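Here is what each chain is made of, one letter per residue.
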Amino acid sequence: MKRITIIILVVAFVLSALSVWSMLKNCQDTSFKAYASSIECNAQGDFMPAPYDNTLIAPVKPNGNNELFCSMQGDIMPKGWDEEEEED
Amino acid sequence: MINFFNIYGTAILRVLTLIFWFLLFRKGKFQGLNLLSIRFFIIFQGIFVLWNILMVLSDKSNIVYLIFWAIISVYELFFIINIMFKTLNTTKSHSEIFIITISILAIPIILAAILSYTNRNYNPINTTDFYNIILLMLGSVIVIHNLLSRESFLENIESFFIFSGFTLYFGLHILASNAFLLSVKLIGYWNFAQYATLISLIYWLGSIFFIWKIRSRHLS
């Protein structure tokens, strides 16, 4: 039991240290770039918080319409009709 | 209508999950670890419902979000690590280790919320949430393992569904996290995390039916 307790404490300590280190390393980045690719905040929660005031652009949805092109079953997304016609 | 469900669908399912699990808690006779798990789970859903109400009503959604994110993160650690220690059959002296563990893990959460507020960006909480979720998923898997191997499965059927739901929830949230999505160049965004939550809520809601079926068939 003592071994399990030590393992739990070590894991907690290592993860906390890693979390603080990564956080301090990245915290100076502005949210501009993240918000531009609409990934500003993806921590837990049911409602997304408002962007901070220093973010002056609207979120851009990457990939344009490709995302809406096909949403049926399958592991690999088919090409768009326009793309195929261009290739022909 | 579709837009309404896109925005409020998760919050509506959250309330339904809370109501149905509360009804289950009131109607059934639970004891020991199972009782504690259900009680903690209902409080967990209750905090989320309160968080959602304040997010909708408040003008300062940034501050509300950061405060409740910190509360729910510490509570999740408290919930899962507490049950994990109990399934490990630890002695009373281990309660001190439990408090130390929670305190160590709460430091980055509080620091992340403060840094997000002072630096005006969500990167600190995204980073901390990612590491916490890995730990919480491991904790949930350990609890399920202990429930299946040591405790009576049928007596703890509710706990099994709660923690398997948590494994699903945290697993999908890891996929939705910045670190993962950026590394595989998937489109990272809030919607992905929202779908992850939605799937887990459907699982928890649906599990009520299976619990009722299993209990009525085997334990009546």
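Residues numbered from 1 in each chain as written. Chains lettered and ligands numbered in written order. Predicted model: local features only at pLDDT ≥ 70, side-chain atom pairs only at ≥ 80, totals over all residues. Heavy atoms only, no water.

A. Structural context of the overall build of chain B. Helix and strand content of chain B: eight helices and zero strands. Order of helices (α) and strands (β) in chain B, N terminus to C terminus: α-α-α-α-α-α-α-α. Within chain B, the proportion of its 220 residues that are buried is 53%. Long-range contacts, defined as pairs at least 24 residues apart, comprise 74% of the intrachain contacts of chain B with a sequence gap of at least 6. A total of about 10,300 Å² of accessible surface is found on chain B, and carbon and sulfur atoms cover 70% of it. (Helix = DSSP H or I, 4+ residues; strand = E, 2+ residues; numbered from the N terminus. Buried < 20%, exposed > 50% of the residue type's maximum accessible area, 1.4 Å probe, protein only. Contact = heavy atoms within 4.5 Å. Areas by Shrake-Rupley, 256 points an atom, 1.4 Å probe, with all protein chains shown as cover.)

B. Region of the structure containing the pattern of salt bridges. Residue and element names in this part refer to chain B. What the rule picks out here adds up to one salt bridge over all chains. Linking R215 and E158 is a salt bridge whose minimum nitrogen-to-oxygen distance equals 2.5 Å. Taken together, the residues R215 in helix α8 (residues 190–218) and E158 in helix α6 (residues 157–175) connect sequence positions 57 residues apart. The exposure class assigned to R215 is partly exposed, which follows from its relative accessible area of 22%. Judged by relative accessible area, which is 0%, E158 ranks as buried. (Salt bridge = Lys/Arg side-chain N within 4 Å of Asp/Glu carboxyl O.)

C. View of the packing of helix α2 (residues 32–57) of chain B against helix α3 (residues 61–87) of chain B. All names here are of chain B. Two numbers describe how α2 lies on α3: the axes approach to 10 Å, and their chain directions differ by 175°. The angle between α2 and α3 falls in the class roughly antiparallel. Its residues assigned to classes, the contact of α2 with α3 shows 22 nonpolar, four polar and two charged. (Axes fitted to C-alpha atoms, helices over the stretch in contact; angles between N-to-C directions. Parallel < 35°, antiparallel > 145°, perpendicular 65-115°, else oblique. Nonpolar A, V, L, I, M, F, W, Y, C, P; charged D, E, K, R; others polar.)

D. Here's a closer look at the environment of G45(A). Residue and element names in this part refer to chain A. Structurally, the position occupied by G45 is in the loop between α2 (31–36) and α3 (66–69). According to the relative accessible area criterion, G45 is buried, its value standing at 6%. Taking C-alpha positions, G45 is 23 Å from L18, a pair spaced 27 residues apart along the chain.

E. Spotlight on helix α4 (residues 94–119) of chain B. Residue and element names in this part refer to chain B. Helix length check: α4, at 26 residues, gives a terminal C-alpha distance of 38 Å against a target of 38 Å (1.5 Å per residue), a fit within 8%. The sharpest bend along α4 comes to roughly 25°, located at A106, with the proline P108 sitting one to four residues further on. Where α4 terminates, the next one or two residues include R120, which has phi positive at roughly 55°. (Expected span 1.5 Å × (residues − 1). Bend = angle between axes of the 7 residues up to and from the residue.)

F. Representation of helix α5 (residues 123–149) of chain B. Taking 1.5 Å as the rise per residue, α5(B) with 27 residues should run 39 Å; its terminal C-alpha atoms sit 39 Å apart, in good agreement. Among the 27 residues of α5(B), 19 are classified as buried, and the element is accordingly described as predominantly covered.

G. Molecular detail of the packing of aromatic side chains. All names here are of chain B. Scanning all chains against the criterion turns up 29 aromatic pairs over all chains. Geometrically, the ring pair formed by F44 and F166 is edge-to-face, given 5.1 Å between the ring centres and 65° between the ring planes. Residue F44 is found in helix α2, and its partner F166 is found in helix α6; the two are separated by 122 residues along the sequence. If you follow R14 out to its NZ or CZ, it ends over the ring of F48, 3.7 Å from the centre. (Phe/Tyr/Trp six-rings, centres within 6.5 Å; stacked < 30°, edge-to-face > 60°. Lys NZ or Arg CZ within 6 Å of the ring centre and 35° of its normal.)

H. Seen up close, the nonpolar core. Formed by 72 residues in total, the largest nonpolar core has its most connected members in W21(B), W69(B) and F166(B). When contributions to this core are tallied by element, the ones reaching two or more residues are α1 (2–26) of chain A together with α1 (2–27), α2, α3, α4, α5, α6 and α8 of chain B. In terms of residue count, α3(B) provides more of this core than any other element does, 15 residues in total. (Core = buried A, V, L, I, M, F, W, Y, C linked by side-chain atoms within 4.5 Å.)

I. Highlighting the packing of α5(B) against α6(B). All names here are of chain B. Relative to each other, α5 and α6 sit at 150°, their axes nearing to 9 Å. Classified by the interaxial angle, the pair formed by α5 and α6 is roughly antiparallel. With respect to the hand of their crossing, α5 and α6 are arranged in left-handed fashion. On α6, the residues touching F130, I133, I134, L136, M137, S140, V141, V143, I144, L147 and L148 of α5 are S159, F160, F163, S164, F166, T167, F170, G171, H173 and I174. Its residues placed into classes, the contact of α5 with α6 shows 15 nonpolar, six polar and no charged. (Left-handed = near helix turned anticlockwise from the far one by under 90°.)

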